[in-house]
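# An overview of the molecular structure
Here is how the chains run, residue by residue.
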Amino acid sequence: VASLGRDDDNLTNPLKPWMSPPIDQKACGAPEDEAIGWLVRVQSDAATAQDWVALTAWLEISEAHAQAFARAEQLSGAIVDSAHEIAAATRRRTPDAQLGPPAVV
Amino acid sequence: MVRQAPLDDDRNPLLSAYLERRAELVRYFRVRLRSDEGAEDLVQDIYLKISSLPASDIGNPGAYLFRLGTNLMLDRLKVQRRAARRDADWRDVHFSTAGGQDIAEGSAADDAADAHQRLARIIEVVNELPAPAREAFRLHKLEGLTHAETARAMNVSRSSVEKYMMTCLKRILAKVGR
């Protein structure tokens, strides 16, 4: 019988598992960190319209949430806009150490 | 006036997703733009955009509409921000030096200095990232791969990629600040 009540639950209890902030639960508390979690979630190719609806609800909670999200989004956009410069300046730093120590025989 | 009907939504998944999601789109862009009117305008622009696209199979049309609207919104904000800065510079120059030629130069120089400093900080943080996080950042943000493609290229799970991206963005945001 409880399972038949699911539709009613959808109406009365909007808090679904997919509505909780994603991934990093340690992020709870700081709007900046939560905002980054939401941004990464909606920028994923796995994102659904449900994710965006859940984000909407989070943004509506407070002005601090809305501002933190806008800032994270703007930063992400600035990174993409400068992708070429960032790539050029960081490419040469790829450490050789990742490849293991040089073979000294 | 834009004619919204008849929509051939049987053959165009984007148009049918638009009809289904219209209210959700308006609600999202209302909280983003802090304006009912701005949200309605933007969602109308989403409609105009998708009506001009050839019908195609898009993986997740609902999410695509939110992303499309976000791009339209950010483009619009960039234009507004530039115009606001131009106005502010114009007032500064007009009242201080009244030198007509300095207007554009002053504005461009300020923009360039800000952008240059921000870029330098971003590069600094990226160079200090742990190797896997930096690789995820490079593939997704710089090369433009999706999270799934990045995960495949690195042979890790998509949720790992998403954790790496959160690490990267948190560190960059902390450094770039403001």
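Anyway, here's the lowdown on the structure attached to this text. Note that the structure is predicted; figures quoted are calculated from it, not measured. (Residues numbered from 1 in each chain as written. Chains lettered and ligands numbered in written order. Predicted model: local features only at pLDDT ≥ 70, side-chain atom pairs only at ≥ 80, totals over all residues. Heavy atoms only, no water.)

The number of helices and strands found in chain B is seven helices and zero strands. Listed by position from the N terminus, the elements making up chain B come as α-α-α-α-α-α-α. Burial analysis of chain B (178 residues in total) assigns 37% to the buried set. Across chain B, every contact between residues at least 6 apart in sequence was considered, and the portion connecting residues at least 24 apart equals 54%. Of the roughly 10300 Å² of accessible surface on chain B, 50% is carried by carbon and sulfur atoms. (Helix = DSSP H or I, 4+ residues; strand = E, 2+ residues; numbered from the N terminus. Buried < 20%, exposed > 50% of the residue type's maximum accessible area, 1.4 Å probe, protein only. Contact = heavy atoms within 4.5 Å. Areas by Shrake-Rupley, 256 points an atom, 1.4 Å probe, with all protein chains shown as cover.)

It is worth spelling out the overall build of chain A at this point. The number of helices and strands found in chain A is five helices and zero strands. Along chain A, helices and strands appear, N-terminal first, in the series α-α-α-α-α. Burial statistics for chain A: of 105 residues in total, 39% are counted as buried. Put simply, 37% of the contacts in chain A that link residues at least 6 apart link residues at least 24 apart. Accessible surface, chain A: about 6200 Å² in total, of which carbon and sulfur atoms supply 58%.

This part is about the packing of aromatic side chains. Taken as a whole, this structure holds six aromatic pairs over all chains when the rule is applied. Plain terms: the ring middles of tryptophan 52 of chain A and tyrosine 28 of chain B are 5.2 Å apart, the flat faces sit at 90 degrees to each other, and that makes the pair edge-to-face. With one member in each of two chains, tryptophan 52 of chain A in helix H3 (residues 49-61) and tyrosine 28 of chain B in helix H1 (residues 13-33) form a pair that bridges those chains. When the centroid spacing of 5.3 Å and the interplanar angle of 10 degrees are considered together, the rings of tryptophan 52 of chain A and phenylalanine 66 of chain B count as stacked. On the criterion of chain membership, the pair formed by tryptophan 52 of chain A in helix H3 and phenylalanine 66 of chain B in helix H3 (residues 61-96) is interchain, its members lying in two chains. Neither tryptophan 52 of chain A nor phenylalanine 66 of chain B differs from the other in exposure class; each is buried. (Phe/Tyr/Trp six-rings, centres within 6.5 Å; stacked < 30°, edge-to-face > 60°.)

Next up on the list: the interface of chain B and chain A. Facing 44 residues of chain B, the contacting portion of chain A comprises 49 residues. Here chain B meets chain A over a buried area of about 4200 Å², counting both sides, of which 64% is carbon and sulfur. Our enumeration of links across chain B and chain A arrives at five salt bridges. Here arginine 34 of chain B makes a salt bridge to glutamate 63 of chain A, at a shortest N to O gap of 2.6 Å. On the surface where chain B and chain A come into contact, there are 10 residue pairs in polar contact (both at pLDDT 80 or more). (Buried area = accessible area lost by both parts, 1.4 Å probe. Salt bridge = Lys/Arg side-chain N within 4 Å of Asp/Glu carboxyl O. Polar contact = N/O pair within 3.5 Å; in protein donor to acceptor, adjacent residues only side chain to side chain.)

Turning our attention to the pattern of salt bridges. Residue and element names in this part refer to chain B. Counted by the stated rule, this structure contains 16 salt bridges over all chains. Its salt-bridge partner being aspartate 45, residue arginine 76 comes within 2.1 Å of it at the nearest N-O pair. Separated by 31 residues along the polypeptide, arginine 76 in helix H3 and aspartate 45 in helix H2 (residues 36-51) bring together distant segments of the chain. With relative accessibility at 29%, the residue arginine 76 sits in the partly exposed group. Shared partners join several salt bridges into a network, and the residues in it are Glu20, Arg21 and Glu24.

Here the focus is the nonpolar core. With 64 residues, the main nonpolar core has Leu55, Phe69, Ile79 and Ile86 of chain A together with Phe29, Phe137 and Ile172 of chain B as its most contacted residues. Per element, the largest residue contribution to this core is nine residues, and it comes from H1 of chain B. Here phenylalanine 137 of chain B is in contact with Ile79 and Ile86 of chain A together with Val126, Leu142, Met165, Cys168 and Ile172 of chain B, once residues within four sequence places are set aside. (Core = buried A, V, L, I, M, F, W, Y, C linked by side-chain atoms within 4.5 Å.)

All names here are of chain A. For helix H2 (residues 31-43), spanning 13 residues, the distance from its first C-alpha to its last is 18 Å, which sits close to the expected 18 Å at 1.5 Å a residue. When you tally the buried positions in H2, you get 10 out of 13 residues, the bulk of the element. Residues of H2 that are buried: Pro31, Glu34, Ala35, Ile36, Gly37, Trp38, Leu39, Val40, Arg41 and Val42. (Expected span 1.5 Å × (residues − 1).)

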